Every structure is written in C-alpha cells, then in structure tokens.
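Spelled out, the chains give:
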Amino acid sequence: MIGALAILLGLQLLGEVAVQVSGLPIPGPVVGMVLLFIILRWRESLPDALRATAETLLSHLSLLFIPAGVGIIQHGTRLADEWLALLAAMVLSTLITVVVTALVMQWVIRRQRGAHRHG
Amino acid sequence: MDKNLLTDIWVYLAASPLLWLSVTLMVYLAGHWLFRRSGGRAWFNPVALSMALLTAILLLTGTPYAVYFQGAQFIHFLLGPATVALAVPLYLHWSRVRQLFLPIVIGLLVGSLTAIISAIGLAWLLGGSPRTLLSLVPKSVTTPVAMGIAEKIGGIPSLTAVIVILTGVVGAVAAPALLDILRIRDDAVKGFAIGVAAHGIGTARALQISSMAGAFAGLAIGLNALLTVLLAPLIVRLLHLTP
C-alpha cells in the first residue's frame, strides 16, 4: 500500500514538475494520471497493491471533496444575494449537460453501428 | 467536570489539526452510514449531508474556515493522488474506450460546451453578477483544476470550489434517475455523461453503478478538465466577460 501511494504521489509530483517546466495550462494531477496510464499500458500489467490502493481511494472519492465544500460558509452574502442565479446554473445546467452528453453519445454510437451494418 | 479544564481542552484541540481532521472523517462516516441505511437513496448524498453538518458545527462553535481547513487539508490533499489513480479503471476498460473513440470525442466537445454555456447563460438571465458568472464557467470540472481556471479568468476560486461541489452533488443525486428516464442502458454512456457534468462526485456515484461506468466517468473528468482549460479563456473573451 505504501509502495502504491509512493507511485501515485511520485507521478503527481512528476506531473506538477512537467507543468511548471512546460508552462502548459494543464493541472499536475491530470498529467500524473496520463503518465500512470502510459506506464500501465506499456508494462501491460497492473500490480495488485496498486489496484487495491487505487480502488480504496476511488471508492471514497466523495470524502475528498468535503473540505473544499465546507468553504460554502465563506460565501454567505453572495449566496444570499444571488441564490436564484446560482441555483439555476448548478441544477438546470447540470441536468441539461447530463442529458445532452448522453443523447449525443448514444446517437453517435447508433450511427456507427448502422454504418457497420450497411457498410 | 471543571469548566476551566473543558475550556483548556477545547483551546488545545481547536489549535491542532487533529480535531477538524477527525471530525471531518467521523461526519463523513456518519453520512455514509445514513446513505447506506437509506438503501443507497440518492437524496441521502454523503457529501451534501456532511457539508451541511460540518457547516452547522463550525457556525455553532464559531470556528473560522481557515482553522477548519488546517485540519481538513490532509483530506483535501488526497484529491491529487486520487486523480492520478483514475488511470487504473481507465486501464482496466481501455478496450471499450478505444471502441468508443468517436462517441467520446463528440460527446465530450458537446457536453463541455453545454456545461459552460448553459451555466453562464442561466445565471446571466437571472441577474448573476459578472464575478459569479466567471466563477461558474468551470463548474463541471474537478475541484483543483476548476479553482485554477477560475483564478485565471477572474472568478473567485473558493466560490468556484463550492459551486463545483454542489454541481457534483446535483449530478450524483439526479443523473442516474435521469439517464433511466432517457432509457440509456449503456454503462459507458451513463458514466461518461455523469463524469462530464458532475466530475468526481458524479464519478463516486458512477462507480456504484458499475466499474465500467466509473471508468468512463473518470475518463470524462480528465478529458473535460483538459478541454475546459483550453475553452474557458476563449469563451470568456468571446462573450466579453470581465470581473
């Protein structure tokens, strides 16, 4: 587990360094994720310890958002003033995004299948 | 017990990161327990429950957010390695991802643009201030990235963090039922749509649907983060949004 954590943190570190050096507007952890993916594909195997640690971390992903979420107490005034705009943007826009993304993907998949069948 | 002693203990604990770190963990476990007791009912979202309870505790004890965060930052920090760990489900489901390359690219482009434009459009219609609009732009992107984007385009990073998390809660609560109504049966499509709209909190929910849904949600987090980093400054310039 410690070895797996070291891999995850080490790749995040590499990612952060790569972002600093290149000046690319990509976050370090996302670069780390791409690096880990490339390594796994290249080795064509996934160590059990890494798999277990990653799955533990991801199964409690919700927990990791709570500290930033509690930051809501700093924004009482703005929330009171603009609650309707914020609520609409968060609720409706999120539902619209789920619907549009799912339908567009489904549509492309069906078209592809159709093209296979007829071509 | 001696009242002075209690005060002393409180003063000692309140100054150490241990207190708020443990309280956050215990509150989350309680929220998680309630969620499971409810039979996994979406309305008992563990993040929303925990946020509400912790906010109440901080307000009642008069604890400033900065003091709370000194303890909670250790949990917040794990977002980094957890993001790296998303490569694991992606690796496990790579053959399906490759198969769906075109639907993923098109779904991502349309979904990412929809998230940004519908959020600022709705808020603008309802009288949102310019800084609020700017803080809403990266609302569907995972927290650390969204805060970075908000800072760059002139939004308020800490407000963006809150918006992002509430967006995630909305997605986690409503998306699975919505996708059922739309009769989407493909777990890959479900996961990807949830990930594009509701990032990590949505992904936590998608992982409960199936490992495949989780893998596609994780993929969507990474891709949407990359794309929004590029799109956000362009859209802000096109719409002449200034703080």
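Residues numbered from 1 in each chain as written. Chains lettered and ligands numbered in written order. Predicted model: local features only at pLDDT ≥ 70, side-chain atom pairs only at ≥ 80, totals over all residues.

Chemist: Can you walk me through unusual backbone geometry in this structure?
Modeler: Outside of glycine, negative phi angles account for most residues, and trans bonds account for most peptide bonds. With phi around 60 degrees, Arg183(B) is a residue other than glycine that occupies positive phi space. Examined against the element boundaries, Arg183(B) turns out to sit in the loop between helix H11 (157-181) and helix H12 (187-209). (Helix = DSSP H or I, 4+ residues; strand = E, 2+ residues; numbered from the N terminus.)

Chemist: How should the environment of Pro47(A) be read in this particular structure?
Modeler: Tracing the backbone shows Pro47(A) in the loop between helix H2 (28-43) and helix H3 (48-59). When the 13 C-beta atoms within 10 Å are taken as the criterion, Pro47(A) is described as partly exposed. (Buried ≥ 20, exposed ≤ 12 C-beta atoms within 10 Å, placed from the backbone.)

Chemist: Please explain the confidence of the model for chain B as it appears in this structure.
Modeler: Low pLDDT marks regions whose predicted coordinates should not be analysed in detail. Residue and element names in this part refer to chain B. On average, chain B scores 90 in pLDDT, and the residues at 70 or more come to 99%. At the level of individual helices and strands, chain B shows its lowest average pLDDT in helix H1 (residues 3-14), which scores 80, and its highest in helix H8 (residues 101-125), which scores 96. Here the complex is predicted with pTM 0.87, and the ipTM for its interfaces comes to 0.89. (pLDDT = per-residue confidence, 0-100.)

Chemist: Whenever I open this one, the interface of chain B and chain A confuses me. Can you help?
Modeler: It is common to give the size of an interface as the accessible area lost on bringing the parts into contact. Counting residues at the interface gives 89 residues for chain B, matched by 65 residues for chain A. The element that contributes the greatest number of residues to the side of chain B that touches chain A is H11(B), accounting for 15 residues. Partitioned by chemical class, the residues of the side of chain B that touches chain A number 62 nonpolar, 25 polar and two charged. (Contact = placed C-beta atoms within 7 Å. Nonpolar A, V, L, I, M, F, W, Y, C, P; charged D, E, K, R; others polar.)

Chemist: What is the right way to look at the packing of H12(B) against helix H13 (residues 211-238) of chain B in this model?
Modeler: Residue and element names in this part refer to chain B. Axis separation between H12 and H13 bottoms out at 6 Å; the angle between their running directions is 80 degrees. Here H12 is positioned roughly perpendicular relative to H13, judged by the angle of their axes. Grouping the amino acids of the contact of H12 with H13 by side-chain chemistry returns 15 nonpolar, nine polar and two charged. (Axes fitted to C-alpha atoms, helices over the stretch in contact; angles between N-to-C directions. Parallel < 35°, antiparallel > 145°, perpendicular 65-115°, else oblique.)

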